[in-house]
Amino acid sequence: MNFMAKKRILLGVSGGIAAYKSAELVRRLRTAGAVVRVVMTRSAKEFVTATTLHTLSGEPVWSDWSDDKSGMDHIELARWADRILIAPATADTLARIAHGRADDLLTAICLATEAPLAVAPAMNQAMWNNKATQANVDTLRERGVRVWGPATGEQACGETGPGRMLEPDALVQRLSDSFANGRLAGLKVVITAGPTREPVDPVRYLSNRSSGKMGYAIAQAAHEAGAQVELVSGPVALQAPDGVTLTRVESASDMFRAVMVCLEDCDLFIGAAAVADYRPVEPQARKIKKQAAELLLRLEPAPDILAAVAALKSRPVCIGFAAETENLQEYAQKKRMQKGVEMIVANRVGAGLGFETDDNELWLVWEGGSRWLPKAPKTRLACQLIEQIADLYLKQPSGLKAPEPHAKHSA
Ligand code: PMT
């Protein structure tokens with residue numbers, strides 16, 4: 001399975017003959033759907049040009065400190081990456097990372113990042129077998145660095161033995177597998193995403209700014225966690241993540257119906273959609289003509305999907321969102337009670353916050369606990385959210401409890 005869609009891969013290229021394969025690696029990563037940024041060591045440029053990697057990645061390429069235009073690029077790149085892969089990783093690069101050096105851009109990024117780091121060693125077999133290299137590799141492994149390869153075979157120097165960089169296809173597969181985890185294996189998850197559109201007449205509707213990015217990222221993360229995922233989405237410009245079943249809808253009523261159809265055997269329901277609270281009472285069959293100075297639109301409550309799912313007799317564990325402009329924590333707690341759900345995921349919304357952006361910040365609250373997920377790309381927050389849900393859901397007895405009915409009514 002391919003879990004690379006929209007993943008941010010920082011590819012480090014160090015100076016060995018296998019660097020010529022990094023061009024193909026970039027191409028394959030992009031074909032798999034990843035966004036790739038390349039950081040080369042100075043000696044890598046002797047083997048492959050920055051122009052080649054820039055053209056293939058469609059992103060800028062960094063190498064020297066002089067490329068760190070803001071003086072903070074190395075920190076931003078360290079934060080940007082979902083994974084860092086150094087391929088090829090020479091003996092010298094392995095040694096410098098093992099010793100915590102930060103005297104070039106690539107090693108500084110490795111030191112500054114919290115993203116998982118993988119290396120694909122490539123060197124002469126004697127250099128690989130040397131005790132110094134083996135000790136460095138052991139140190140890296142102990143620190144959680146994944147060491148992929150090397151393969152054994154004929155080498156560019158004419159010798160035979162271990163030291164060949166794994167082929168690009170194998171590295172893409174390892175990266176893809178690194179995003180998969182089985183935390184939600186065997187579970188069915190239904191997720192809503194995007195806005196709804198409530199018709200006013202055949203050409204106009206009431207809607208909101210939701211882009212679907214948050215909900216789609218959660219669908220992808222749940223799929224990577226091994227769940228069977230059904231995504232019910234309002235109108236957005238996004239493609240369904242691979243392996244996720246998508247139902248497209250327009251209005252809150254459409255979404256309500258589609259969710260109810262998907263709920264059979266559902267274990268977890270996550271309502272990330274920005275569903276209309278109100279809709280026009282009487283959508284007009286014909287376009288409303290401009291005539292009076294004032295036009296009154298009568299609205300009625302739209303169906304509350306989350307509350308309805310939570311009120312079902314036989315129901316999944318329910319996770320709702322709360323989009324708030326103020327009093328985030330207080331309103332989120334109240335919303336958990338009012339909707340009768342196990343967890344609320346709260347986010348601040350407003351200019352440049354929550355809606356449409358690539359980044360977000362979340363506050364999760366459940367019975368007996370809460371947690372901040374600080375500002376990060378929605379793709380990463382989605383993985384953290386799914387991890388947290390899995391931790392609580394799989395706990396014995398489950399750490400996810402719905403509020404008592406009396407609490408629900410008194411809120
Ligand atoms: O799509 P993006 O651009 O990435 O933006 C993400 C987001 C801001 C839309 C998302 O993070 C988010 O906050 N989604 C919920 C938005 C919302 O409608 O919040 P609310 O506080 O109004 O609703 C509370 C909960 O009830 C939500 O789970 C909502 O899906 C659900 N609801 C609301 C109204 C309704 N009629 N039916 C519902 O099910």
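Since the structure is predicted, the reported quantities are computational estimates derived from the model, not experimental observations. (Residues numbered from 1 in each chain as written. Predicted model: local features only at pLDDT ≥ 70, side-chain atom pairs only at ≥ 80, totals over all residues. Heavy atoms only, no water.)

### Some words on the pattern of salt bridges
Defined as follows: Each reported salt bridge corresponds to a side-chain nitrogen of Lys or Arg within 4 Å of a carboxyl oxygen of Asp or Glu. Only DSSP runs of H or I with at least four residues qualify as helices, and only runs of E with at least two residues qualify as strands; both kinds are numbered from the N terminus onward. When accessible area is computed with a 1.4 Å probe and restricted to protein chains, residues below 20% of their type maximum are described as buried, those above 50% as exposed, and intermediate ones as partly exposed.
Under the definition given, this model contains 28 salt bridges. Salt-bridge contacts for Arg42 lead to Asp64; the nearest nitrogen and oxygen are separated by 3.3 Å. Highlighted residues: Arg42 in the loop between strand S2 (35-40) and helix H2 (50-57) and Asp64 in the loop between strand S3 (61-62) and helix H3 (73-80), separated in sequence by 22 residues. For Arg42, a relative accessible area of 62% corresponds to the exposed category. Measuring nitrogen to oxygen at the nearest pair gives 2.7 Å for the salt bridge that ties Arg315 to Glu342. You can see Arg315 sitting in the loop between helix H11 (305-311) and strand S17 (317-324) and its partner Glu342 sitting in the loop between helix H12 (328-339) and strand S18 (343-348), a full 27 residues away along the chain. The network of salt bridges with common partners includes Asp92, Arg96, Arg101, Asp103 and Asp104.

### Topic: the site of the ligand
Our working definition: Whether a residue is near a molecule or strand depends on its heavy atoms: it is near if one of them lies within 4 Å of it. Residues adjacent in sequence count toward polar contacts only when both atoms are side-chain atoms; beyond that, a polar contact is any pair of N or O atoms within 3.5 Å, and within protein one must be able to donate a hydrogen and the other to accept it. All accessibility values rest on the Shrake-Rupley procedure with a 1.4 Å probe; residue burial counts only the protein chains present in the view. Residue classes follow a fixed rule: Ala, Val, Leu, Ile, Met, Phe, Trp, Tyr, Cys and Pro count as nonpolar, while Asp, Glu, Lys and Arg count as charged, and any other residue, Gly among them, counts as polar.
The environment of the ligand is made up of 28 residues, and the closest members are Ser210, Ser211, Gly271, Lys335 and Asn347. Between the ligand and the protein, one listed contact pairs an oxygen atom with a backbone N or O atom of Met214 at 2.8 Å. Alone, the ligand offers 770 Å² of accessible surface; in the complex the protein occludes 96% of this. Of all the elements in the fold, those that place two or more residues in the shell around the ligand are helix H9 (213-224), H11, S17 and H12. The biggest single contributor to the shell around the ligand is S17, with four residues. Looking at side-chain class alone, the shell around the ligand contains 14 nonpolar, seven polar and seven charged residues.

### A few points about H12
The following threshold applies: In this scheme, a helix's expected span is set at 1.5 Å multiplied by one less than its residue total. Working definition: the arc comes from the directions between the helix axis and the C-beta atoms, pointing outward to the latter.
Here H12 contains twelve residues, and its C-alpha end-to-end distance of 16 Å stays within 8% of the 16 Å for a straight helix at 1.5 Å per residue. Listed in full, the buried residues belonging to H12 are Leu328, Ala332, Arg336 and Lys339. End-on, the buried residues of H12 take up no more than an arc of 90 degrees, which puts them together on one face. Gly340 lies just past H12 and shows a positive phi near 70 degrees.

Functional significance is not addressed by these values, which are geometric in nature.
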